[in-house]
Structures are given as structure tokens and as C-alpha cells.
Amino acid sequence: MPASLPPKDDTTERLALPPAMLNRLAGSDLVGRGAVNVISIKAVRRWAGDWWDQKRTDVWTYVERKLNEHLDRADLRGRVSEDDFLIATHNDQGLSAQAASVRILEDVLTHLLGAAELRDIGVRSVIGIEAGGVVCRPIDPAVVLAARARRDSERSPFRTDIDVSDEMRRTPVAFTTSGGAALRVDFALEHVIGLRRNVTTAIRVEPIVTHLGTGRSISGRAITKLADKDIAFIDEATLRYGAAFAKAAQGNEKPELVLPASFRTLGTQRGRDLLTGTSGLSLALLRGGVMIELVDVTRGTPAGRLLEVVGLLKALTRGVIARVPPDKEAFKHLRDARLAGLTLDACDLGGPAEKIAMDIMAFGREARGLAPMVSLQGLPAEGYFAAAETAGLTHASLRATHPYAARNAA
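Nothing here was measured: the structure is a model prediction, and the numbers come from that model. (Residues numbered from 1 in each chain as written. Predicted model: local features only at pLDDT ≥ 70, side-chain atom pairs only at ≥ 80, totals over all residues. Heavy atoms only, no water.)

Remarks on empty space enclosed by the protein
Now for step 1: If you walk through the whole model with that rule in mind, you get one cavity of 30 Å³ or more.
Now for step 2: The computed volume of the largest cavity comes to approximately 40 Å³.
Now for step 3: Lining the largest cavity, in full, are Val-192, Arg-204, Val-258, Glu-293, Ile-321, Thr-343, Met-373, Ser-375 and Gln-377.
Now for step 4: The element contributing the most residues to the lining of the largest cavity is strand E15 (residues 373-379), with three residues.
Now for step 5: For the lining of the largest cavity, the per-class residue count stands at four nonpolar, three polar and two charged. (1 Å grid on protein atoms, 1.4 Å probe; cavity = no way out; pocket = protein on both sides within 12 Å on 5 of 7 lines; lining within 4 Å. Points joined across faces, edges and corners; volume = space filled by probe spheres on them. Helix = DSSP H or I, 4+ residues; strand = E, 2+ residues; numbered from the N terminus. Nonpolar A, V, L, I, M, F, W, Y, C, P; charged D, E, K, R; others polar.)

This is how it looks when you write it as C-alpha cells:
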């Protein structure tokens, strides 16, 4: 039986499994993908006290009902001890899989105890397989609860692992364009919410470009009309800012980091050297949890060159996302790119509500099957999440809050 044996330490524990369940796990990649968790109903057992022997069958039955309610038919689930249930999800991994386990346990605790106290949410992530059982490590349910937030905050999943002063040194930056315009670039973080579990699965860096003369923000599409040199400056500043968060994006239990950059920049050897040469973005960190979002893929992007660049970037990073306009022609040369994701930015949507809804639905149809992640980003209001779900998208995110506006509001 293949085994993955992490070193023993005070944070890990062993849990015996029935042979049939253990064999199913050993014959899959579920543990490696962070898709296997164990929930504990010890709090319910403590509450039942001497009555546990009489109540446990009813408790187990209720837990199994909740497992069936929240999980897909193909997901592996089952009781493995007096008060432990194992859950292995095929379509969720990492933080998303943990969120599913936390939600199930919350429902059980709320129904049986009247409330789901943080101290009672006992969830362990399965991190290894050994003869006779698995190796588990407790997760912090507070991280999962914080990942449900739609916007960045001090409790964001990334915020516990970064030095705020280091972040502040990287934003804002100012420069003068080739045409003589004075611009300032501020950076903010955008929570990319997985609609299946309503939890943050990625954190996206959003450059907010402002014309210093007028104080007006410049849209993403307007930025792509700048000279190559100016776009490269913004991309370089974005990479430097994102490098502050690269370590926080490592591991199955953490959201991935999405760094937007221009195809015109990363399509050059100098641009790719910039990606790997930025301090704090080592090749190991890039491959461990950093995704690149190509922000200017259009119907005019050369198909062969796009496939070549995407292939090169995939070798350097966790994966590549393409931002596309609401234009059917832009999808035609993406089928062979093996992208990790496709995204439509709200700044590209305009007109009456009916047209916006039609564009979202059309995006969902055209993007279906082209990438595992299909996202609607930069939304002005949370109500659009329902439209994203209806269109069959997998993710959605609210527009990142301008840091100065957030500070002034506070």
C-alpha cells in the first residue's frame, strides 16, 4: 500500500480506518489534494454524558443525514470511530473541502446543542496514509470562518501570515507614462469566492490606477491601451506587491494567490525573467500557490503565441487564468490552452440590466468546459453572485475596496 508519512509531532495524530475505506483513499489522490477531513462530535458525546450509549445511534443517524445533504453521491463518507466521521470530497479540496466539513459540523452542533461554539468545531485534515490508518492534523476553524468573508479585512485568511508594514512599503507607487501622464497605482486584495461552498479559494491582487491630475480611476481595459513600457511598470509593481503574500498562499489549506499581468509583458523573455526574478517569488513559491491572470486576452491575441506563452507560464506557476471580454470570438483560440481559469471583469459589462445579464449568461456558455475555474470578478454588489451561479460559473468576487477609501471610512 502506498504511504505518505509526515514526521511525528505534537500537532499530528493517528486514526485507524476500516480496510475498505483505507484502500479507497490509498488508491486515489484525495489526500494529496487536501480533500480528506475528519469531523468530531466529541462535544455532543460530552453533552450526552451517561446517556451516550442510548443516544448515540440517533446522533449518528443525524450526522449521516447531514453528510448526505451536503456531499455529492460520489464523495466518500463514513463513521470511523465512536465520535469521528471521515469525509473525502472529489470536487472540493483544500480550504473548500475544510469549509464543507465545518458547515456539516456546524449544522450538527446547532441542531443537537443549540449552537456551534468555535471550541466545539473539531475538524482535522488528513495529511498522510500509513498501514492501518491515516495521519491527521487539526485545522483552525477560525480560518475557515474568516474565509467566508466577501471582502478583505484584518481577519482575511492571508492576514495572519504577513507583515503589514512590508505590505505598506509596496503600495502605492507613482510614475509618469510615456505620454507624460502622472499615475498612481494602489493595490488591494479581492476575495475570489467559490460559489459551491461560499468560501474564499483565492486572493487576487487588484491594481487601482489613478490619474493624479484628475483623481479619476482608470479602468482595466483603459490600462491595456497604455504603452508597453508603462504596462510593464504596473506589472512589475504588481509582482512586487504580490510577493508579500506568496508565502501565505502555500499549502492546500490556504487560498491561492492570483497576480494579474499583461500578456504583452509576460509574452517576452524579459517579462518571464521578471516573474521569477522578483524578490519573494521563488520558483518553489510560484509553483506552490501563485496563479497568473493574463488581463488582456482578446480576439486579436495570436492563438499560437498565446498557447506557447501559457505553456511557459504553467511550467513556472500554479496555473494560468485568462481574463476575456464578453466577446464570443475571444474564446475560439482558448480550447487547447489548458487554462486553470477564465474570468470576466465587471468593468467590461455595461448597458441596461438585461444586457448585463445576457452577457453573463453568454460568458457562462462560452467558457463551459474550457477551464475548471470560471469566474465573474470585480462585481459592484453581492447580488450579482446569484447571476454568476445561474450562469453556471464556479467563482465570483466583489471589487476590491480602494485602500484610501477604506481608511477614510474607518
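Thoughts on helix H4 (residues 94-113)
Now for step 1: In this model H4 runs 28 Å from its N-terminal to its C-terminal C-alpha over 20 residues, within 8% of the 28 Å that 1.5 Å per residue would give.
Now for step 2: Summarising burial for H4: 14 of the 20 residues are buried, a large majority.
Now for step 3: Two residues or fewer after H4 comes Gly-114, characterised by a positive phi angle close to 90 degrees. (Expected span 1.5 Å × (residues − 1). Buried < 20%, exposed > 50% of the residue type's maximum accessible area, 1.4 Å probe, protein only.)

Considering the pattern of salt bridges
Now for step 1: Tallied over the entire structure, the rule returns 35 salt bridges.
Now for step 2: In this structure, Asp-83 and Arg-45 form a salt bridge, with 3.1 Å as the shortest nitrogen-oxygen distance. Here Asp-83 is found in the loop between strand E3 (76-79) and strand E4 (84-88), whereas its partner Arg-45 is found in helix H2 (residues 42-48), with 38 residues between them in sequence.
Now for step 3: Residue Arg-45 is classed as partly exposed on the basis of its relative accessible area of 35%.
Now for step 4: Asp-359 is paired through a salt bridge with Lys-355; the nearest N and O atoms lie 2.9 Å apart. Linking Asp-359 with Lys-355, this pair stays in helix H13 (residues 353-367), spanning four residues, or about one helical turn.
Now for step 5: We classify Asp-359 as buried; its relative accessible area is 15%.
Now for step 6: Among the charged side chains, a network of salt bridges with common partners joins Glu-190, Arg-204, Glu-206, Glu-293, Arg-323, Asp-345 and Arg-399. (Salt bridge = Lys/Arg side-chain N within 4 Å of Asp/Glu carboxyl O.)

Focus: the pairing of strand E6 (residues 133-138)
Side-chain positions along a regular strand alternate between the two faces of the sheet.
Now for step 1: Of the strand pairs in this sheet, strand E1 (residues 13-16) and E6 are connected by four bridges, and their pairing is antiparallel. Bridged to Arg-14 within E6 is Val-135.
Now for step 2: Note: strand E5 (residues 122-130) against E6, six bridges, orientation antiparallel. Each residue of the ladder has a partner; that of Ser-125, found in E6, is Arg-137.
Now for step 3: The antiparallel pairing of E5 with E6 creates a hairpin that spans two residues between the two strands, and Gly-132 there sits at a positive phi of about 90 degrees. (Pairing = 2+ DSSP bridges.)

Topic: the domain arrangement of the protein chain
How big an interface is tends to be stated in terms of accessible area lost as the parts join.
Now for step 1: Under the domain assignment, the protein chain is made up of domain 1 (13-146) and domain 2 (161-398).
Now for step 2: For domain 1 versus domain 2, the separation of C-alpha centres amounts to 35 Å.
Now for step 3: Listed per partner, the contact involves 15 residues of domain 1 and eight residues of domain 2.
Now for step 4: The junction of domain 1 with domain 2 conceals about 940 Å² of combined surface from both sides, 48% of it contributed by carbon and sulfur atoms.
Now for step 5: On the domain 1 side of the interface with domain 2, the three residues burying the most area are Asp-92, Leu-95 and Ser-96, jointly 39% of the side's total.
Now for step 6: Here Asp-92 ties to Arg-196 by a salt bridge, and the two come within 2.9 Å at their closest N and O atoms.
Now for step 7: Seen at the junction of domain 1 and domain 2, the total is four residue pairs in polar contact (both at pLDDT 80 or more).
Now for step 8: Here the element with the most residues in the side of domain 1 that touches domain 2 is H4; it accounts for six residues. (Domains from an automatic or database assignment. Contact = heavy atoms within 4.5 Å. Buried area = accessible area lost by both parts, 1.4 Å probe. Polar contact = N/O pair within 3.5 Å; in protein donor to acceptor, adjacent residues only side chain to side chain.)

A closer look at the packing of aromatic side chains
Now for step 1: Tallied over the full model, the rule gives five aromatic pairs.
Now for step 2: Within the aromatic cluster, the residues linked to one another by ring pairs are Phe-187, Tyr-241 and Phe-245.
Now for step 3: Sitting above the plane of the Trp-60 ring, Arg-79 keeps its charged end 3.6 Å from the centroid. (Phe/Tyr/Trp six-rings, centres within 6.5 Å; stacked < 30°, edge-to-face > 60°. Lys NZ or Arg CZ within 6 Å of the ring centre and 35° of its normal.)

Remarks on unusual backbone geometry
Now for step 1: Backbone torsion omega between Thr-171 and Pro-172 reads 0 degrees, so that peptide bond is classified as cis.
Now for step 2: Take Pro-172: it is sitting in the loop between helix H6 (164-168) and strand E7 (173-176).

Describing the layout of surface pockets
Now for step 1: Estimates place the volume of the largest pocket at around 720 Å³.
Now for step 2: Looking at the largest pocket, it is lined by 30 residues, and the ones nearest its centre are Asn-91, Gln-93, Thr-201, Glu-256 and His-395.
Now for step 3: When contributions to the lining of the largest pocket are tallied by element, the ones reaching two or more residues are H4, strand E9 (199-211) and helix H11 (283-289).
Now for step 4: Looking at which element gives the most residues to the lining of the largest pocket, the answer is H4, with three residues.
Now for step 5: Within the lining of the largest pocket, the residues separate by chemical class into 10 nonpolar, 13 polar and seven charged.
Now for step 6: Taken together, domain 1 (13-146) and domain 2 (161-398) each give at least three residues to the lining of the largest pocket, which thus spans both.

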